[in-house]
Amino acid sequence: MARDFDIIVFGATGFTGRLVAEYLLATGAPRWAMAGRSLTKLEQVRDAIGAPGDTPLITANADDPAALRALCNRTNVVLTTVGPYQLYGSDLVAACAETGTAYVDLCGEPAWMRHMIDAHHETARRTGARIVFSCGFDSIPFDLGVLSLQDAAKAKFGHPLSRVKGRVRKMQGGFSGGTAASLKATLAAAAKDPSVVGLLVNPFALTPGFEGPSQPRGLLPEYDKTIEAWVAPFIMAPINTKNVHRTNFLLGDAYGPGFVYDEMMVAPGLGEMGKAAAEAIAKINPLSSDKGPKPGEGPSREERDAGFYDLLFIGEGPGGERLDCVVTGDKDPGYGSTSKMIAQTARCLVEDVTGAGGIWTPGALMGRVLTDRLQARAGLTFRAG
């Protein structure tokens, strides 16, 4: 049955949702609509971004299953920026799974993601719903960075590389207010339910039935001999590493059953200066301050445009093989780049990829097709060699 829209942006009145809507408008998106709780606010966003007066606007609440199901029945893909997802996303995932509707979000909440996998993966497989979590800075550059590295390794060596290190070399631009809110919601959930803690610390929390080899914890500064620099804990590693392992799991151990992966930040400076910088970084939680943006707030266009990131992935094999992959983004990670990535992921589901139903990662479902699209249209680069 034909549906009214290709993409509905749910949460278009929020800061990131508005950026997504503005980007879809500017890039000539297919049939799309904006959705949110308030028609008045939707009209204000429509006018503020210069969208045509007849742009479809849909009202729906995150806690109204009937309205969400009706919304899903009208579109091929739901793109949602309404988080924290553990508070506002469960009914929408259920509605998408039941109606066979594709779904993309910006989730960095692994315990909730595992609950959704357990509850809805089989339903989504049956209905054909392609549900894809973590389609922003967490975790597309990391998920696709490792995938690009392993594809290149197979082409060069004939096999994947069993040890991969993700290293954040440079990054300008903060995390979003939604990310901070998600972390706080996760900590609150963990305080109430001890099983959540187990999922948070398990690198294989998103691979039901599969436990791989012991993984580096990345909780303390260390000297990385591979790059001859000090490295420090990276705040997004707990979600990114889980998504990378899920991609390997969904692709049938494409990275090898002994695959080991970690992520850390490269500290500036050499020798003792680098060590001191790594120790200082380790003591900072960029999401703990109340001075950052609140959900619905964010940096100016100038600040977003001035942001960037540079990621290095180092692959090593048991025979001394080594291959690197560099991933870069041309906007700040939390907003400018993220809004482009999730929009292009939604378009990829509409225009490029069919695939079976289920709860996927971007790398496992879209892989090279999405990588090429992001390089051509979203300001990312992937260079392996």
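Residues numbered from 1 in each chain as written. Predicted model: local features only at pLDDT ≥ 70, side-chain atom pairs only at ≥ 80, totals over all residues. Heavy atoms only, no water.

Describing the packing of helix α13 (residues 333-351) against helix α15 (residues 367-377)
For step 1, the next point in the chain: Two elements in contact, α13 and α15, have axes whose closest approach is 10 Å; the angle formed by their N-to-C orientations is 130 degrees. What the angle tells us is that α13 and α15 run oblique. Regarding α13 and α15, the two cross each other, and that crossing is right-handed. Residues M341, Q344, T345, R347, C348 and E351 of α13 form the contact with α15, whose own contacting residues are V369, L370, R373, L374 and R377. (Axes fitted to C-alpha atoms, helices over the stretch in contact; angles between N-to-C directions. Helix = DSSP H or I, 4+ residues; strand = E, 2+ residues; numbered from the N terminus. Parallel < 35°, antiparallel > 145°, perpendicular 65-115°, else oblique. Left-handed = near helix turned anticlockwise from the far one by under 90°. Contact = heavy atoms within 4.5 Å.)

Looking at the environment of L250
For step 1, the next point in the chain: Relative to the assigned elements, L250 resides in helix α10 (residues 237-250).
For step 2, the next point in the chain: Overall, L250 belongs to the partly exposed group, its relative accessible area being 25%.
For step 3, the next point in the chain: Residues L250 and G363, 113 residues apart in the sequence, show an inter-C-alpha distance of 9.5 Å.
For step 4, the next point in the chain: Excluding its chain neighbours within four sequence positions, the residues that come into contact with L250 are I359, W360, T361 and A364. (Buried < 20%, exposed > 50% of the residue type's maximum accessible area, 1.4 Å probe, protein only.)

Here's the deal with the pairing of strand β2 (residues 32-36)
For step 1, the next point in the chain: Burial within β2 is extensive, with five of its five residues counted as buried.
For step 2, the next point in the chain: On β2, burial covers both faces: W32, M34 and G36 on one face and A33 and A35 on the other are all buried.
For step 3, the next point in the chain: Sheet topology places strand β1 (residues 5-10) next to β2; four bridges connect them, and they run parallel. Following the sheet pairing, I8 is matched in β2 by A33.
For step 4, the next point in the chain: Regarding topology, helix α1 (residues 15-26) serves as the crossover connection from β1 to the parallel β2, and that connection is right-handed.
For step 5, the next point in the chain: Bridge analysis of β2 against strand β3 (residues 57-59) gives three bridges, and the strand direction is parallel. Across the sheet, G36 pairs through a bridge with T59, a residue of β3.
For step 6, the next point in the chain: Crossover β2 to β3 through helix α2 (residues 39-48) is right-handed. (Pairing = 2+ DSSP bridges. Right-handed = clockwise from strand over helix to strand, strands pointing away.)

Overview of the packing of α1 against α13
For step 1, the next point in the chain: Remark: α1 packs on α13, axes separated minimally by 9 Å, with the N-to-C direction vectors making an angle of 60 degrees. Looking at the two axes, α1 sits oblique to α13. As for how α1 packs across α13, the hand of that crossing is right-handed. In contact with F15, T16, L19, V20, Y23 and L24 of α1, α13 contributes Y335, S339, K340, I342, A343, Q344 and R347.
For step 2, the next point in the chain: For the contact of α1 with α13, the per-class residue count stands at eight nonpolar, three polar and two charged. (Nonpolar A, V, L, I, M, F, W, Y, C, P; charged D, E, K, R; others polar.)

Structural notes on the sheet that holds strand β11 (residues 308-316)
For step 1, the next point in the chain: Reading across the sheet, the seven strands line up as β8-β9-β10-β7-β11-β12-β14 and stay open at both edges, with mixed pairing between neighbours. Taken across any chain shown, the strands that pair with only one partner, and hence form the sheet edges, are β8 (222-224) and β14 (380-384). Across this sheet, the average inter-strand angle for adjacent strands is 30 degrees, counted without regard to direction.
For step 2, the next point in the chain: Inspection of the sheet shows strand β7 (residues 163-172) paired to β11 by nine bridges, in the antiparallel sense. Paired with V164 across the strands is G315, a residue of β11.
For step 3, the next point in the chain: Sitting on the sheet, helix α7 (residues 140-157) is in contact with β7, β10 (260-266), β11, β12 (322-329) and β14, with an inclination near 145 degrees to β12.

Regarding the pattern of salt bridges
For step 1, the next point in the chain: One pass over the structure, following the stated rule, counts 20 salt bridges.
For step 2, the next point in the chain: Across the pair D224 and R167 runs a salt bridge, and its minimum N-O distance is 2.8 Å. With D224 in strand β8 and R167 in strand β7, this pair connects stretches of sequence that are 57 residues apart.
For step 3, the next point in the chain: Owing to a relative accessible area of 1%, D224 belongs among the buried residues under this scheme.
For step 4, the next point in the chain: Here R347 and E351 are joined by a salt bridge, their closest N and O atoms 2.9 Å apart. Of the two residues, R347 and E351 are both situated in helix α13; the distance of four residues between them amounts to about one turn of the helix.
For step 5, the next point in the chain: Taken together, the salt bridges that share partners define one network made up of R163, K165, R167, D224 and D262. (Salt bridge = Lys/Arg side-chain N within 4 Å of Asp/Glu carboxyl O.)

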